[in-house]
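In case you want the letters, here they are:
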Amino acid sequence: MLLRQETLDGIAAGRITCAFRRWERPRVVPGTRMRTRIGVVEVTGVSRVGVSALRAADAAAAGQTLKDLRAMLARGTGPVWRIELVAAGEDPRVALRARPLTPDERDSVAARLARMDRVTPWTAATLALIDARPGVRAPDLAAELGRETLPFKRDVRKLKELGLTESLEVGYRLSPRGESYLRGGA
């Protein structure tokens, strides 16, 4: 579920507590946790609502006017779903990427990277390129490796899950954990 930055900021501040979407069936369920730019956002409820039943308070809870909310929902088809949202803490990858590698973690990360490299080795080249060219657009990095952009970005997200990289406004950089791994330290 995509949320605009202004919506995320409102959730973080506690001003926005829900969003509305037109979906044939719900794409999230209560308990769904999404990592976002403000940290983790949790879905606490999902309910089907009628457009005619929406009131100004509903729109305000979504950070909109009733007129704007109804106009947005008029552009789609299918049932309308109210998704209750709450800020649920910091993204755990933030702490992970700042935490130094222990020798056991180094071995574990090396094993995970080796599994990722089984079919086609890519992890070492990707880490080295991000280290050499921080802040460079993903399409440019992908082209340097002779790869398509979307699969490249998907692979960088795998490295991010291990705490080795972090996204910048444009491009990526190695995290302190990634630098430690790449340079052989623990």
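Structure first, text after, so check above.
Residues numbered from 1 in each chain as written. Predicted model: local features only at pLDDT ≥ 70, side-chain atom pairs only at ≥ 80, totals over all residues. Heavy atoms only, no water.

As for the overall build of the protein
In terms of helices and strands, the protein carries nine helices and six strands. Over its C-alpha trace the protein gives a radius of gyration of 20 Å, far above what one expects of a compact globule, namely 16 Å for 186 residues. A buried classification covers 38% of the 186 residues belonging to the protein. Long-range contacts, defined as pairs at least 24 residues apart, comprise 66% of the intrachain contacts of the protein with a sequence gap of at least 6. Element-wise, carbon and sulfur atoms account for 52% of the exposed surface of the protein, whose accessible area totals about 10,500 Å². (Helix = DSSP H or I, 4+ residues; strand = E, 2+ residues; numbered from the N terminus. Rg over C-alpha atoms; globule rule 2.2 N^0.38 Å. Buried < 20%, exposed > 50% of the residue type's maximum accessible area, 1.4 Å probe, protein only. Contact = heavy atoms within 4.5 Å. Areas by Shrake-Rupley, 256 points an atom, 1.4 Å probe, with all protein chains shown as cover.)

A short note on helix α8 (residues 149–161)
In a regular helix each residue adds 1.5 Å, so 13 residues correspond to 18 Å; α8 covers 19 Å between its end C-alpha atoms and thus fits that length. Packing partners of the buried residues in α8 comprise α4 (92–98), α5 (103–116), α6 (123–132), α7 (138–144), β5 (165–167) and β6 (172–174). (Expected span 1.5 Å × (residues − 1).)

Things to note about the nonpolar core
Among the nonpolar cores identified, the biggest contains 20 residues, and Leu113, Leu127, Leu141, Phe152, Leu164, Tyr172 and Tyr181 are the most heavily contacted of them. Counting only elements with at least two residues in this core, the list comes to α5, α6, α7, α8 and β6. In contact with Tyr172, other than residues within four places in its own chain, are Ile130, Arg133, Pro134, Gly135, Val136, Ala138, Leu141, Phe152, Lys153, Val156, Glu166 and Ser167. Residues Ile16, Ala19, Trp23 and Val41 belong to the second largest nonpolar core, which totals 13 residues. (Core = buried A, V, L, I, M, F, W, Y, C linked by side-chain atoms within 4.5 Å.)

Here's the deal with the environment of Gly31
As for its position among the elements, Gly31 is in the loop between β1 (18–22) and β2 (33–36). For Gly31, a relative accessible area of 40% gives the class partly exposed. A sequence separation of ten residues divides Gly31 from Val41, and the C-alpha atoms of the two residues are 9.8 Å apart. With residues near it in sequence (within four places) discarded, Gly31 still touches Glu42 and Val43.

Brief notes about α6
Every buried residue of α6 is listed here: Thr123, Thr126, Leu127, Leu129 and Ile130. Considered in projection along α6, the buried side chains sweep an arc of 165 degrees and stay on one side of the axis. Turned more than 90 degrees away from the buried face of α6 sit Ala124 and Ala132, all of them exposed. Contacts made by the buried residues of α6 are with α5, α7, α8, β5, β6 and α9 (176–182). (Arc of directions from axis to C-beta.)

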